[in-house]
Amino acid sequence: MERESATSPTENGQESDAAAVRRHPALFRAIKRRQNPRLRRSDITVTDEAAVKRAVKAASLGNAMEWFDFGIYAYLAGTIGRVFFPSGSDTAQLLSSFATFAVAFLVRPLGGMVFGPMGDKVGRKKVLALTMILMAIGTAAIGLIPSYDSIGFWAPVLLILFRLLQGFSTGGEYGGASTFIAEYAPDKRRGFFGSFLELGTLAGYTGAASLVTGLTTWLGSDTMDAWGWRIPFLVAAPLGIVGIYLRLRLDDTPAFLKLEDSNVHISEAATAVETTARGDLAKIFRTHWRQLVLCIALVGAYNITDYMLLSYMPTYLSDELHYSESHGLMILVATMVLLMLIINQVGRLSDRFGRKPLLMTGMISFFVLSAPAFVLVQDGSLLAVSAGMLMLGLSLVCLLGTMSAALPAMFPTNVRYGSLSVGYNLSASLFGGTTPLVITALISVTGSDMMPAYYAMAAALVGVVAVACMKETAQQPLEGSPPSVQSQEEAAELVESQAPTPKF
């Protein structure tokens, strides 16, 4: 019994009995080496930069298409309310439109629970291609639905049905795309390459806003209500075909392939997770619940501020401040173009200084600047509105440029796709897609045009706590994966740095 009690703490990873160590020094050195094996050259993934760029392009294009689709709906909210819902008050139609916008988010967690574990079982590439196919079908189908005046009750029913298809497919998109890029990118540049995913987000929103603005200016409001609103939805079909082609041309991620290959020696942590059942949702909730809670809080704060600025703001400008629809969209487009120009530099900064400092800067900025920004927006002049939008945009870009590298690093490789998809989409469902609906309802109930600012401030406060609780992961290997470097020389230096110092 004494011997068992002396050795069992070592087996459990705890500090061993000092006397036992003195009696059996060779044995304990062997145990320590087994628990912490030295890094070997074969453990390290040397990335192919051309392959990384192809992966980033394919993942980012898919993300751009996703937010192009969602952006179209948000920017045409007023038109969709008039086309698909019975005539009534403008507020009632707008609330109905935003409720249909939010309904797609109700099934996002279900999509995450289906596609996430599937991506951990069969690979990232196949599932990402499937989600893009479903998204393209759902978006193009909305563009073909007859109006309420033509088929009555069935018009909003079909709209909700295809919005549900969009939401279900989106449940597997962000978690998979961010995982895909994170697992392809070298450790020291994961923030930079990850920022391209959110560059795709901004590109999708910008493309949607530009297209809607151009069509509204060219066709006029009456023609847009009659048939012009269909054009942006139908444009999504050819974009989807291009994205599917790009994704199917790629190999799966090096981290997933190494996890699959039992003949490749990787770190003990990765070996341990190989023995678990990938895609086991029960295990995700049971074993990784702390990371899930943190992910939900972080994503909730991020999504509220994101959807508040990129989805709801044009409606706020037109309905609350009586800007023309095209005028409000043009200001937002200018803001997003500026963010696109700097987002990759934010990713570089997160690689250099860490994820937490950039995320904390964004959250604190939203908490401090939201109220002044909305005061400026309410001034109504072009200069004041632009300055307010810019304040919110610069706060948001600190989150956009960092989040896609920070979130995948919270979970180990064997459950990364599934865990991130579940956590991200639960949060997006509860807080993201409901943001336009909640803000519109709050303004209607309170009569205060400052409710968007207060809502963003509350979200930012939650975000500050979440960022304070998360681990710093910049320049570190993903959990459960071997180190990933850019060159053979860097791999050799890494092995040499971990070699024991010779004793003379």
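Structural data are supplied above this passage.
Quick notes on the rules
- Residues numbered from 1 in each chain as written.
- Predicted model: local features only at pLDDT ≥ 70, side-chain atom pairs only at ≥ 80, totals over all residues.
- Heavy atoms only, no water.
- Helix = DSSP H or I, 4+ residues; strand = E, 2+ residues; numbered from the N terminus.
- Buried < 20%, exposed > 50% of the residue type's maximum accessible area, 1.4 Å probe, protein only.
- Contact = heavy atoms within 4.5 Å.
- Areas by Shrake-Rupley, 256 points an atom, 1.4 Å probe, with all protein chains shown as cover.
- Salt bridge = Lys/Arg side-chain N within 4 Å of Asp/Glu carboxyl O.
- Expected span 1.5 Å × (residues − 1).
- Bend = angle between axes of the 7 residues up to and from the residue.
- Phe/Tyr/Trp six-rings, centres within 6.5 Å; stacked < 30°, edge-to-face > 60°.
- Lys NZ or Arg CZ within 6 Å of the ring centre and 35° of its normal.
- 1 Å grid on protein atoms, 1.4 Å probe; cavity = no way out; pocket = protein on both sides within 12 Å on 5 of 7 lines; lining within 4 Å.
- Points joined across faces, edges and corners; volume = space filled by probe spheres on them.
- Nonpolar A, V, L, I, M, F, W, Y, C, P; charged D, E, K, R; others polar.
- Patch = residues over 30% accessible without salt bridge, like charges linked within 9 Å, V, L, I, M, F, W, Y side chains within 5 Å.
- Axes fitted to C-alpha atoms, helices over the stretch in contact; angles between N-to-C directions.
- Left-handed = near helix turned anticlockwise from the far one by under 90°.

Undergrad: Is there a simple way to explain the overall build of the chain in this structure?
TA: When its secondary structure is counted, the chain shows 25 helices and two strands. In the chain, which comprises 504 residues, the proportion classed as buried is 55%. Of the contacts made within the chain by residues no fewer than 6 positions apart, 84% connect residues no fewer than 24 positions apart. Accessible surface for the chain amounts to roughly 20900 Å². Of this, 63% is attributable to carbon and sulfur atoms.

Undergrad: Would you mind going over the pattern of salt bridges with me for this structure?
TA: A side chain with one charge may pair with a side chain of the opposite charge, provided their charged atoms come close. If you walk through the whole model with that rule in mind, you get six salt bridges. Taking the shortest distance from any N to any O, the salt bridge between R82 and D225 comes out at 2.8 Å. On the criterion of sequence distance, the pair formed by R82 in helix α5 (residues 77-84) and D225 in helix α13 (residues 221-228) is long-range, its members being 143 residues apart. For R190, the salt bridge identified is with D187, shortest N-O distance 2.3 Å. Exposure remark for D187: the relative accessible area of 5% places this residue in the buried category.

Undergrad: Could you clarify how one ought to interpret helix α20 (residues 355-379) in this entry?
TA: Every α-helix carries 3.6 residues per turn, so stepping three or four residues along brings you back to the same face. With 25 residues, α20 extends 35 Å from end C-alpha to end C-alpha; this agrees with the ideal 36 Å at 1.5 Å per step. Considering bend angle alone, the principal kink of α20 is centred on L369 and spans about 50 degrees; proline P372 follows within four residues of it. All of the buried residues in α20 are R355, L358, L359, G362, M363, S365, F366, S370, A373, F374 and V377.

Undergrad: So what exactly am I meant to see when it comes to the packing of aromatic side chains here?
TA: For any pair of aromatic rings, the description rests on two quantities: the centre-to-centre distance and the angle between the ring planes. Within this structure, the stated rule accounts for 10 aromatic pairs. Considering the side-chain rings of Y174 and Y424, the 4.1 Å spacing of their centres and the 15 degrees angle between planes classify their relative orientation as stacked. Highlighted residues: Y174 in helix α11 (residues 173-184) and Y424 in helix α22 (residues 416-432), separated in sequence by 250 residues. No difference in accessibility class separates Y174 from Y424, as the two residues are buried. Ring pairs connect the aromatic residues F84, W229 and F233, which therefore count as one cluster. Lying over the aromatic face of F192, R348 brings its terminal NZ or CZ to 4.2 Å of the ring centre.

Undergrad: Is there a simple way to think about empty space enclosed by the protein in this case?
TA: One way to see where empty space is left: roll a probe the size of a water molecule over the atoms. Per the stated rule, a full pass over the model turns up two cavities of 30 Å³ or more. Sorting the residues of the lining of the second largest cavity by element identifies α4 (49-75) and α8 (124-142) as the ones contributing at least two each. Classifying every residue of the lining of the second largest cavity by side-chain character gives three nonpolar, three polar and two charged.

Undergrad: Any chance you could explain helix α14 (residues 230-248) here in plain terms?
TA: The terminal C-alpha atoms of α14, which comprises 19 residues, lie 29 Å apart, in line with the 27 Å expected from a rise of 1.5 Å per residue. Residues of α14 that are buried include every one of R230, P232, F233, A236, G240, G243, I244, L246 and R247, and no others. Those residues of α14 hidden inside the fold are in contact with α4, α5, α8, α11, α12 (190-219) and α13.

Undergrad: I'm lost on a nonpolar patch on the surface in this one. Help?
TA: Together, V337, L338, L341, L390 and L394 make up an exposed nonpolar region whose accessible area comes to about 400 Å². When contributions to the nonpolar patch are tallied by element, the ones reaching two or more residues are α19 (325-353) and α21 (382-406). Considering every element that reaches the nonpolar patch, the biggest residue donor is α19, with three residues. For V337, the position within the fold is in helix α19. Given the relative accessible area of 36%, V337 is considered partly exposed.

Undergrad: What's the story with the packing of helix α18 (residues 289-320) against α21 in this structure? I'm lost.
TA: To characterise two packed helices, one gives the angle between the axes of the helices and the distance between these axes. Where α18 meets α21, the closest approach of the two axes is 10 Å, and the angle between their N-to-C directions is 150 degrees. When the axes of α18 and α21 are compared, the crossing they make is left-handed. Taken together, the residues of α21 that come into contact with α18 (itself represented by L298, Y302, T305, D306, M308, L309, L310, M313 and L317) are V385, M389, L392, G393, L396, L399, L400 and M403. Taken together, the residues of the contact of α18 with α21 sort by class into 14 nonpolar, two polar and one charged.

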